[in-house]
Structures are given as C-alpha cells and as structure tokens.
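# Fold and contact review
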Amino acid sequence: MTKAKGLEVSLAVAEAVKQANVDVIAAYPITPQTHIVEELSVYVANGELDAEYVPVESEHTAMSASVGSSAAGARTYTATSAQGLALMHEILFIASGLRLPIVMTVANRALSAPISIWNDHGDIMAERDIGWVQIFAENGQEAYDLSIAAFKIAEDHRVLLPVCVNIDGFILTHMIEPVLFIDQKKIDAFLPPFNPALTLDPKKPVTMGPVGVPEVYAESRKQCEQALINSREIVAEVFDQWGKTFDRNYKLIEKNGPDEAKSLFITMGSMGETTMTAVQELTDSGESVGQVRIRLWRPFPKKEFLNAIAGAEELIIIDRALSPGSHNGPVAQEVKALLYDEPVKPRVHNVIAGLGGRDVTVKDFKKMYAMSRKNELDPNYTIWGVRSDA
Amino acid sequence: MAESAICAWQKLELGTAITTPGNSAELRTGDWKTLRPETDREKCIKCGMCSIYCPEFCISEAEDGYYPADLFYCKGCGICANECPKKAISMIMD
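Just so we're clear, the structure is a prediction, and the values are computed from it rather than from any experiment. (Residues numbered from 1 in each chain as written. Chains lettered and ligands numbered in written order. Predicted model: local features only at pLDDT ≥ 70, side-chain atom pairs only at ≥ 80, totals over all residues. Heavy atoms only, no water.)

### Overview of the overall build of chain A
Heads up, the rule is: Helix numbers and strand numbers start at the N terminus; a helix is a DSSP run of H or I with at least 4 residues, a strand a run of E with at least 2. Only C-alpha atoms enter the radius of gyration, while the globule expectation follows 2.2 Å times N to the 0.38, with N the number of residues. In this scheme, a residue with accessible area under 20% of its type's maximum is buried, one over 50% is exposed, and one in between is partly exposed, where area comes from a 1.4 Å probe on protein chains only. The method behind every accessible area is Shrake-Rupley, applied with a 1.4 Å probe, and residues are considered shielded solely by the protein chains displayed. A positive count includes Lys and Arg, and a negative count includes Asp and Glu. His and the chain ends are not counted in either. Lysine's charge is taken at NZ, arginine's at CZ, aspartate's at CG and glutamate's at CD.
When helices and strands are tallied, chain A shows 12 helices and 15 strands. The C-alpha atoms of chain A give a radius of gyration of 21 Å, which matches the 21 Å a tight globule of 390 residues would have. Counting only C-alpha atoms and orienting by the principal axes, one finds that chain A spans roughly 70 × 55 × 45 Å. Looking at chain A as a whole, 56% of its 390 residues qualify as buried. Summed over its atoms, the accessible surface of chain A is roughly 16,400 Å², and 53% of this surface lies on carbon and sulfur atoms. If the 37 positive side-chain charges of chain A are averaged to one point and the 51 negative ones to another, these points end up 4 Å apart.

### Description of the interface of chain B and chain A
Many descriptions give the size of an interface as the accessible area lost when the pieces come together. Just so we agree on the cut-off: Contacts are assigned to residue pairs that have any heavy atoms within 4.5 Å of one another. In the sections that follow, a salt bridge refers to a side-chain nitrogen of Lys or Arg positioned within 4 Å of a carboxyl oxygen of Asp or Glu. Polar contacts, as used here, are pairs of N or O atoms within 3.5 Å; protein pairs need one atom able to donate a hydrogen and one able to accept it. Residues neighboring in sequence count only if both atoms are side-chain atoms. Asp, Glu, Lys and Arg are counted as charged, while Ala, Val, Leu, Ile, Met, Phe, Trp, Tyr, Cys and Pro are counted as nonpolar; the rest, among them Gly, fall into the polar class.
The interface of chain B with chain A comprises 15 residues on the first partner and 20 residues on the second. At the junction of chain B with chain A, the criterion picks out zero salt bridges. Where chain B meets chain A, there are five residue pairs in polar contact (both at pLDDT 80 or more). Among the residues forming the side of chain B that touches chain A, the class breakdown is 11 nonpolar, three polar and one charged.

### Some thoughts on the packing of aromatic side chains
To keep things clear, this is the line we draw: We call Phe, Tyr and Trp rings a pair once their centres come within 6.5 Å, taking the six-membered ring for Trp, and we label the pair stacked below 30 degrees between planes, edge-to-face above 60, and tilted otherwise. The rule for a charge over a ring is simple: NZ of Lys or CZ of Arg within 6 Å of the ring centre, and within 35 degrees of the ring normal.
Under the counting rule described, the total for this entry stands at nine aromatic pairs over all chains. Ring centres of Phe72(B) and Tyr73(B) lie 4.9 Å apart, and the angle between their planes is 90°; this geometry places the pair in the edge-to-face category. Here a set of aromatic residues connected by ring pairs shows up, and it is made of Phe190(A), Trp242(A) and Phe246(A). The ring of Tyr66(B) has Arg41(B) sitting right over it, with the charged end atom 4.1 Å from the ring centre. Here Lys46(B) stacks its cationic end above the ring of Tyr66(B), 4.5 Å away from the centre of that ring.

### Describing the domain arrangement of chain A
All names here are of chain A. Basically, it comes down to this: Residue ranges for the domains trace back to a domain assignment, done automatically or taken from a database. The term buried area denotes the loss of accessible surface (1.4 Å probe radius) that occurs when two parts are joined, taken as the sum for both partners.
Taken domain by domain, chain A consists of domain 1 (5–246) and domain 2 (253–383). If you look at the interface, domain 1 gives 28 residues, while domain 2 gives 26 residues. When the two sides are added together, the surface that domain 1 and domain 2 hide from each other amounts to roughly 2,100 Å², 56% of it contributed by carbon and sulfur. Of all residues in domain 1, Arg 128, Glu 138 and Arg 232 bury the most surface against domain 2, accounting for 32% of the area lost on that side. Viewed at the interface, domain 2 and domain 1 are joined by four salt bridges. Here Glu 304 and Arg 232 are joined by a salt bridge, their closest N and O atoms 2.4 Å apart. Between domain 1 and domain 2 we count 13 residue pairs in polar contact (both at pLDDT 80 or more) in total. Where the side of domain 1 that touches domain 2 is concerned, the elements lending two or more residues are α5 (122–125), β6 (133–136), α6 (140–155) and α8 (214–246). The biggest single contributor to the side of domain 1 that touches domain 2 is α8, with six residues.

### Some remarks on the pattern of salt bridges
All names here are of chain A. Evaluated as defined, the whole model comprises 19 salt bridges over all chains. The shortest N-O distance in the salt bridge between Glu 138 and Arg 293 comes to 2.7 Å. Here Glu 138 is found in the loop between β6 and α6, whereas its partner Arg 293 is found in strand β11 (residues 289–294), with 155 residues between them in sequence. By relative accessible area, which is 12% here, Arg 293 ends up buried. For Arg 298, the salt bridge goes to Glu 334, with nearest N and O atoms at 3.0 Å. Remark: Glu 334 occurs in helix α11 (residues 330–339) and Arg 298 occurs in strand β12 (residues 296–298); sequence separation between them is 36 residues. Here the residues in one salt-bridge network are Glu 15, Lys 18 and Glu 48, joined through shared partners.

Spelled out as structure tokens, the structure:
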C-alpha cells in the first residue's frame, strides 16, 4: 500500500474505473458527475485505458448503449446525476430485468424545478425500485474502493445485476481528499476479467428482452427480485474479501458511538461524517448518542440494521429527500415498515435535511438531538431549517 | 415464447432470455380464440383467397387442394370468412 494522495474524489472514481479495466464507457456529462467521465475520456484518448468511449447524445442513450455493450459481454461503466438519471429511467429497469452487470456512479443531485445542481438524494430515491444493487459511499476513499468492488459484486454469477454507487454531488465529487490507491496488480488479482453468463453472440443466437406474457411476467420479476435479495450476502462477502485483501473494512450497516447509546442518528452518504463529529461531541458532554450508517440501501439489509439498532430507545432518521404526500422521507418509511413486525419499537423522529445542497452542520445535528429530547420535532417529519412565517 | 417458458421462476432463463432460436413456432397462439373457421367444401372453389388474407399465415393448401386453417395458430379473427368470395367459410363456436 502506498502513501495517500490528495485528489478530487471524481478523479479518484475515474482512476478506480480505469483500474477496473472497463471495456466500454457510455456517458453524457452532467454536473456534478462531469469530472468523472471527462477524466475517463482523457484516459481513453491518450491510450492509458484500452476501452471504447461512446460519447452519446443523452443519458437515455448512455444507459441504452450500456445495456447493449453489457449484453455483448463488455465490462460497462456509466455515470450520471439528477435529470440525467431521470432521463435514463425506463432503461434502468431493462438493465436489471436483463440481468446485466453494469456499474454506474450517481453523483447525487437535487431534481428540478427549481434548477439545482447541488446535492440531495431526490434523484436516486425516485429510482428506488429499479431492481439495482444500490450502495452509498461516505467519503473519497469509500468512493474509490466501492467503485472497484461494485464490478465484483455485479459480475458475480450469483448476482448478475447492475450496481449503482451513490456519491454525494459536490460534497464528495468536488472535494479533494486523501485517497490510498491500490496497486494495479492487486486489483487485477481481486477482479478477474468479466465472464458473462449469457451474451449476444452470432454463433449462439439468443433473444434478450422478449415479450413476457401474463403467464411469464410475474416469474420473470420474481427471478430478478430474488437475485437482488440474494445479492446482500455477496455484497457482504465482497466487502469481507476487500477488508482481508486491502485492509479497509466495510459493512452493510455501520454503527458508531457507544454500544448502549439510547438515541441513534440514522444516515446515508456523506452526512454520516458530520454526524460522527456531532456524536463524538455529544458523547463527550455525557449524552447517550450513537449513529447507524446505511451503506447498502438496496437490497435493504434488514437483519444487520435491526441488530445495529437493538436496544436503542429513539431513532433520529435523516432523510436527504422528500417523499411528497407521504408520512415520512424514504429512509424513515423503510425503517418504520421494518419496525412494524418488531415486538419492541424505538421512537422514530424523521428529519429531512440538506435538500438542494443546504448545509447540514455539526451544530444542526446537536440541535436535532436537543429537539428530539424535548419532543419538539414534528411527529411525522420535520423539514430542517425551512424558513416559515408561521 | 415457447410453452417451455411456462415454468417455475427458478427454471426461467437468465433475464427471461430465449436461448433456442425459432421457438416461437412452438407457441400455441390459437389457444384464445372464441370462433374457428369451418369450410363448406360444396361451396369452396379452392381459390386460396383465405390463405392470402390470413394475418397469421396459418392457412395453406393441402394435398387435396383445399385450404384448411392450422388451429394451433388460428386466433379466430374471421378475416378468411369475411374475404371468401363464395361465402364458403363460416365462423363457429370453438
């Protein structure tokens, strides 16, 4: 292992994709994803990466071309954000339905209107049910590591599903962070060449994506969903292997703070780092607080999550997306549905914070905690920091 | 999609792919018809108009020169009966 190098996280992700030795990149630039694909196009242009770079005319085409190249047996990568992800929408379901192990980075950004280039999770939450494995990275090192691990997860024959690695737009993509890069030989040993299970081959013709009549469609969906459910185990296995090989350990659900903490913050993505500082300071001043970070969002690691929150009296669930007209934000909906079957349920507060790039600081987390103690948070959800005349 | 695709989800091909080319011939498209064509051989002049108009291409000339419909594929649309210049085909309940 070499010394850490200070680098913009987008460029670290591009390096990871290069080191994963992809065959095809089909991408359309969109802020804040641009630096990733721009850097990859440079690698291809100067011969550092022997891959086909398809400069498509839209994200709809980026995902369509990715489906085609993955079906032809090429290791395929793309990246997008917000409106771009929304434009891919219908093809995202086809990628998982055809069981194609595409890897995609989503530089999470708020959806228009009004136009926002800044971070929140509204883009991926609108694509929650696409049937992809969905992972959230918390910092630059994770973004680099998980971008490589994603290929191993996706291409495992027990999975064969596309994987999406979420990294918070700007907060991660444009941040210069120290990153430990891995030697190419070690990556090659960890990630063998793509061995597709089924390919478009004129010598052995197959039809991918035929009509699924009512007698078949439900079974077809069941096959995909079961593969997604089963992938939980393989994600954990790949993370374990990563830890053993590269000495950096990742879990599906991470717990931080004292084991017996009565209150737990629940976060996804980069916000977990800020929460970590808040948890430390609150613990230092004698409060019983911890945090649980969700790294694997789909499939949701039910068992690991319930283990992590066991014994807690109160959860403060931070959502970085609004689910308009619902009782809660998407993460809180998920957790509350899970708790319904549990004999002992902690109290749940839901705070929707950081919409459209609004800063969420250590001070904010401390205030959320203080309000939860005094029962001042809205029983359903509180949109944090929203200015109001009322 | 062949009849073989009507199976347990575990037995479906990966991504519901079709791995045996040309197997659409095995699909019984004729299983949802309500009416089927029946030819009155007294009236039939063996002109083959029914075969030309059949959208399913399931009517072809037999050795005896008549044009029977292959009921494995016939969807019972009635176009043959409608187009027959001698009104020799009637649609009867299947």
